[in-house]
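Structural overview
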There are 2 protein chains.
Amino acid sequence: MTRTRVHNLIVSLDGFSAGEYVTLEKPIGDAQRLFGFFDGRVIHGIGGVDAPVTVDRSLFALWGQGIGAEIMGRKKFGPQTGAWPGDGWQGWWGDEPPFGTPVFVLTHHPRPALEFANGTTFHFIDATPQEALRLATQAAGGLDVRLGGGPSSVRQFLQAGLVDFLHLVVVPITLGRGVRLFEDCEGVSDHYDIETVTSASGLTHQLWNRRSQS
Amino acid sequence: MTRTRVHNLIVSLDGFSAGEYVTLEKPIGDAQRLFGFFDGRVIHGIGGVDAPVTVDRSLFALWGQGIGAEIMGRKKFGPQTGAWPGDGWQGWWGDEPPFGTPVFVLTHHPRPALEFANGTTFHFIDATPQEALRLATQAAGGLDVRLGGGPSSVRQFLQAGLVDFLHLVVVPITLGRGVRLFEDCEGVSDHYDIETVTSASGLTHQLWNRRSQS
């Protein structure tokens, strides 16, 4: 069974998961503070990270476990809008994007795939959530599919009832403005069993598991 | 830096980590109830396990992350005592021991190594904790060393100040008798920062990280 999973989705106390304007200098808009607690070093596991093994790191480390493909919104790939400018942009990550799997970038402007030596290939597709998920599931070869964000694309999949697992991280700060994670999401939580723990750092982790459908 | 890590060390409310008598039928003595909460399926990560991703499973899944060798006490390998009986015993695990790395079995009765196709090799050594750790560190090739238990061997390493990380799982039952984890361990906890969370199942997880030595 291939699951559709969301990991390390960070949200402020007042419900914002990203800033308003994504630019080259500000990949997540003006919401940089949201990510002050996040340790991206452990996304492929706690091994090799010379730092204490905390509850936060243990849960962030779920990101890479058993994942065969990712789907991401266009803004997670780059700050451009409209037709691609032909500026040689290859994503925020340099020569070694941390994915190591096929990645499907949702865009209304398809372009040729971008392949990296470490196993990451970006495919640019104009597709509905359902179509994107079908392609990603095929590419995942029996492993799970990760929805990589940003918040607007995760919200679309949630509204369409396509998310099996969601790791939400509530950060104890108020942002005041930005992209709301749960806009028009009345009742989405009703379909999940939600386990909540708070770690010593003050983060609240929620693990949403979709109830089996009967 | 190679760390020495202990994972999924289960202890009852009254401090027992195993039953008194280990036999062929009872690998952990009469303490089977202690392991009713433990999901060994996730020790190599939550991927591929068709079950909800809970806090318990996320933390049990740390077991295999970044590990290059294990050290275990003899009773974890088998129920025999004294000289090996030549009964063809190859451990509790059948043809695919879940380790996939070199494993150093502490015994006063060395015997030839046992090699399995999946990368597990059992070495039987008569060694002090320090010597065993030196051999295992060498074999781990830059990854971490796991102390696999049982409780008596973990206790020896704790008393010798050789444990960098310990994941302790307190199970809300009282056993009344068995092997005490912390016999003669006055003050061992003083050297650690300890983070505690309780999951929805009622388990209490403690992550002990050794304070940096100055």
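Right above here is the structure, for reference.
Residues numbered from 1 in each chain as written. Chains lettered and ligands numbered in written order. Predicted model: local features only at pLDDT ≥ 70, side-chain atom pairs only at ≥ 80, totals over all residues. Heavy atoms only, no water.

**A look at the sheet that holds strand β1 (residues 4-12) of chain B**
Residue and element names in this part refer to chain B. One open sheet holds the nine strands; their spatial order is β5-β6-β4-β3-β7-β1-β8-β11-β10, and the pairing between them is mixed. Single-partner strands in this sheet number two, and they are β5 (114-115) and β10 (192-198). By the bridge criterion, two bridges tie β5 to strand β6 (residues 121-125) in an arrangement that is antiparallel. Its bridge partner lying in β6, E115 is registered against T121. On top of the sheet, helix α3 (residues 129-140) reaches β1, β3 (67-73), β4 (102-106), β6 and β7 (144-147); it is set at about 155° to β3, its chief contact. (Pairing = 2+ DSSP bridges. Helix = DSSP H or I, 4+ residues; strand = E, 2+ residues; numbered from the N terminus. Contact = heavy atoms within 4.5 Å. Axes fitted to C-alpha atoms, helices over the stretch in contact; angles between N-to-C directions.)

**Focus: the pairing of β7 of chain B**
All names here are of chain B. Burial along β7 is two-sided: D144 and R146 facing one way and V145 and L147 facing the other are all buried. Summarising the sheet, β1 and β7 pair through three bridges and their orientation is parallel. The residue bridging T4 from the neighbouring strand is V145, located in β7. For β3 and β7, the ladder comprises four bridges, and the chain directions are parallel. Looking at the pairing, I67 lines up with D144 of β7. (Buried < 20%, exposed > 50% of the residue type's maximum accessible area, 1.4 Å probe, protein only.)

**Some words on the packing of aromatic side chains**
Summed over the entire model, instances satisfying the criterion amount to 28 aromatic pairs over all chains. Between W63 of chain A and F99 of chain A the ring centres are 6.1 Å apart and the planes differ by 40°, which places this aromatic pair in the tilted class. Linking W63 of chain A in the loop between α1 (55-60) and β3 (67-73) with F99 of chain A in the loop between α2 (74-77) and β4 (102-106), this pair joins segments that are 36 residues apart in sequence. For the pair W63 of chain A and F99 of chain A, one class covers both residues: buried. Relative to F124 of chain B, the ring of W84 of chain B has its centre 5.6 Å away and its plane inclined at 70°; by these criteria the two rings are edge-to-face. With W84 of chain B in the loop between α2 (74-77) and β4 and F124 of chain B in strand β6, this residue pair connects regions lying 40 residues apart in the sequence. Note on accessibility: W84 of chain B and F124 of chain B belong to one class, buried. One aromatic cluster is present, built from ring pairs that chain together W63, F77, W84, W93, F99, F116, F122 and F124 of chain A. When the ring centre of W63 of chain A is taken as reference, the NZ or CZ atom of R146 of chain A above it lies at 3.5 Å. (Phe/Tyr/Trp six-rings, centres within 6.5 Å; stacked < 30°, edge-to-face > 60°. Lys NZ or Arg CZ within 6 Å of the ring centre and 35° of its normal.)

**Looking at the pairing of strand β10 (residues 192-198) of chain A**
Residue and element names in this part refer to chain A. One ladder, built from seven bridges, connects β10 with strand β11 (residues 204-210); its direction is antiparallel. Counted as the bridge partner of T196 is Q206 from β11. Adjacent in sequence and paired antiparallel, β10 and β11 are bridged by five residues, among which G202 carries a positive phi angle near 100°.

**A closer look at the relation of the copies chain B and chain A**
Between the two copies, chain B and chain A, the superposition gives an RMSD of 0.0 Å; the rotation angle is 180° and the shift along the axis is 0.0 Å. Overall, the copies show the geometry of a two-fold rotation axis. Interface overlap between copies: 100% of the residues of chain B at the interface are likewise at the interface in chain A, consistent with a symmetric, same-surface contact. (Least-squares fit on C-alpha atoms with pLDDT ≥ 70 in both.)

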